[in-house]
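Each chain is listed here by its residues.
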Amino acid sequence: MTAIKQRQVFYLHGFDPRGAAHYHRLYREQAAQQSKVNGLNINVADRKRHSSHSHQWQLNASGTQSNYCFLSWDDIVRRHWAKGWRQIVSDALCFVSAYLLSGKIFRFAKASPKQLMAGLYPLIFLLLSVFASLWLSGLAAGQLPWQMAQWPAGLVLFAALMHGSKWLGNKMAVFWLLRIYAFSARWANGRVPELEPRINHFAGQIANAINDERNQEVVVIAHSVGTMVAMPAMARALELISNKARLANQRVVLITLGHCIPLVSFHRKASAFRADMRALGHTPELLWLDYTAPTDGACFPLLNPVTSCGETCAPNAGPRMLSPRFFTLFHTPRYKKLRRAWYTMHFLYLMATDKPGPYDFFAFTAGPLAIASQLKERN
């Protein structure tokens, strides 16, 4: 078993406007809870700004020091985070054009029926909100005895009902899904130019860590929409390393959690994105672990992100398609509640569990054993 003294971890968050402070607090809280399960007492240091687009904190556990670097692109997320009805309607029209009118919805349905349902969910919610608000406001205004007051009263009531539906939609994370679909389509069609220099910046940081021989292991972990950002960032990082021998012995690990990569890769104009994926799929030295849960309705469960978009993987290369098997990691009563909380289910990859198992986010990021050794030990 390979013991690690120094590890470099990079974390790429999903389409989430919450920044490093939120994820630092989440890691500290969940690591403390997980220690009761895996016996790892992880000392999580304070968060420090490393650069304009990254923060870092030190992890110490059982003699292993891991430098955890949060690669930040939440400022870009906030620019594309629809808030008012005008922006929400714009996202809805983008979804209709990019997925429905183009016919891509059938390809997504074939790849993952759950993604079809997730994609249509916001649109159905919007349509029901409009029709229900129109019907209720018209019904209530029609009861007024003064005909001249019916139209103004109806408009005011309609606006109030739509405001309420927007509040409900945010509580139910309906518009979060819509934002992701719209953002992915715009990115695939070259309409998020500010993301390219950020990806290059991330690639440079990852490459520097790989080139640093003091790092016995370099781990890049991406969650949700962050898995899309990780594809070009990782591919470009591998192009920048000065010595390919530094990939030997599974020293460099890519872990993708709850991926929704086809939201970009399935678009016709995303050829450069697919080329980056092809490069990763032809790098056998890279240990790529892809964890998706069939109960996670916001991902493409157990779907190979490389081959699903028409690319190929070299022998002994590409992602290992794995399930975290959440149902084995939580007590049955709690797991039944979690299954009903689909938003929480999508973030379960980053959280403490009730029982030990082959998937352990905190052992991967701070444990004393190399990830390749952890896989052998637990399987």
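Everything in this summary refers to the structure shown in the same document. Quantities reported herein were computed from a predicted structural model and do not represent experimental measurements.

## So, the overall build of the chain
Tallying secondary structure elements over the chain gives 16 helices and 9 strands in all. The 379 residues of the chain split such that 54% are buried. Here the analysis covers contacts within the chain between residues at least 6 apart in sequence; of these, 75% occur between residues at least 24 apart. Within the structure as shown, the chain displays about 16800 Å² of accessible surface, and the carbon and sulfur contribution to it stands at 58%. Taken together, the 42 basic and 20 acidic charged side chains of the chain have centroids lying 6 Å from each other.

## Quick look at helix α11 (residues 271-281)
When we look at burial in α11, the residues that qualify are Phe273, Arg274, Asp276, Met277, Leu280 and Gly281. For α11, the angular spread of the buried residues around the axis is 155°, confining them to a single face. At its buried positions, α11 is contacted by α7 (174-188), α9 (226-240), β7 (252-257), α10 (262-265) and β8 (287-291).

## Some thoughts on the nonpolar core
Tyr27, Ile42, Trp73, Trp187 and Ile255 are the most contacted members of the largest nonpolar core, which has 121 residues in total. If you tally residues by element for this core, the top one is α7, at 12 residues. Those residues in contact with Ile255 that sit more than four places away from it in its chain are Val219, Val220, Ile221, Ala222, Leu289, Tyr291, Phe364 and Ile371.

## Overview of the packing of aromatic side chains
Considering all chains together, one arrives at 35 aromatic pairs under this definition. Residues Trp85 and Phe175 carry aromatic rings whose centres are separated by 5.9 Å and whose planes lie at 85° to one another, so their mutual orientation is edge-to-face. Residue Trp85 is found in helix α3 (residues 85-101), and its partner Phe175 is found in helix α7; the two are separated by 90 residues along the sequence. The residue whose ring lies beneath Arg18 is Phe347, and the NZ or CZ to ring-centre distance is 5.8 Å. The ring of Phe266 carries Arg107 above its face, with NZ or CZ at 4.0 Å from the centroid.

## Brief notes about the pattern of salt bridges
Applying the stated criterion to the full structure yields 14 salt bridges. The salt bridge partner of Asp354 is Arg334, with a shortest N-O separation of 2.6 Å. Remark: Arg334 occurs in helix α13 (residues 332-340) and Asp354 occurs in the loop between α14 (342-346) and α15 (361-366); sequence separation between them is 20 residues. Exposure remark for Asp354: the relative accessible area of 22% places this residue in the partly exposed category.

## Remarks on the environment of Leu128
Of note, Leu128 is situated in helix α5 (residues 113-141). What makes Leu128 exposed here is its relative accessible area of 55%. Along the backbone, Leu128 and Trp176 are 48 residues apart, and their C-alpha atoms lie at a distance of 17 Å.

Rules used in this analysis
- Residues numbered from 1 in each chain as written.
- Predicted model: local features only at pLDDT ≥ 70, side-chain atom pairs only at ≥ 80, totals over all residues.
- Heavy atoms only, no water.
- Helix = DSSP H or I, 4+ residues; strand = E, 2+ residues; numbered from the N terminus.
- Buried < 20%, exposed > 50% of the residue type's maximum accessible area, 1.4 Å probe, protein only.
- Contact = heavy atoms within 4.5 Å.
- Areas by Shrake-Rupley, 256 points an atom, 1.4 Å probe, with all protein chains shown as cover.
- Lys, Arg positive; Asp, Glu negative; His and termini not counted.
- Charge placed at Lys NZ, Arg CZ, Asp CG, Glu CD.
- Arc of directions from axis to C-beta.
- Core = buried A, V, L, I, M, F, W, Y, C linked by side-chain atoms within 4.5 Å.
- Phe/Tyr/Trp six-rings, centres within 6.5 Å; stacked < 30°, edge-to-face > 60°.
- Lys NZ or Arg CZ within 6 Å of the ring centre and 35° of its normal.
- Salt bridge = Lys/Arg side-chain N within 4 Å of Asp/Glu carboxyl O.

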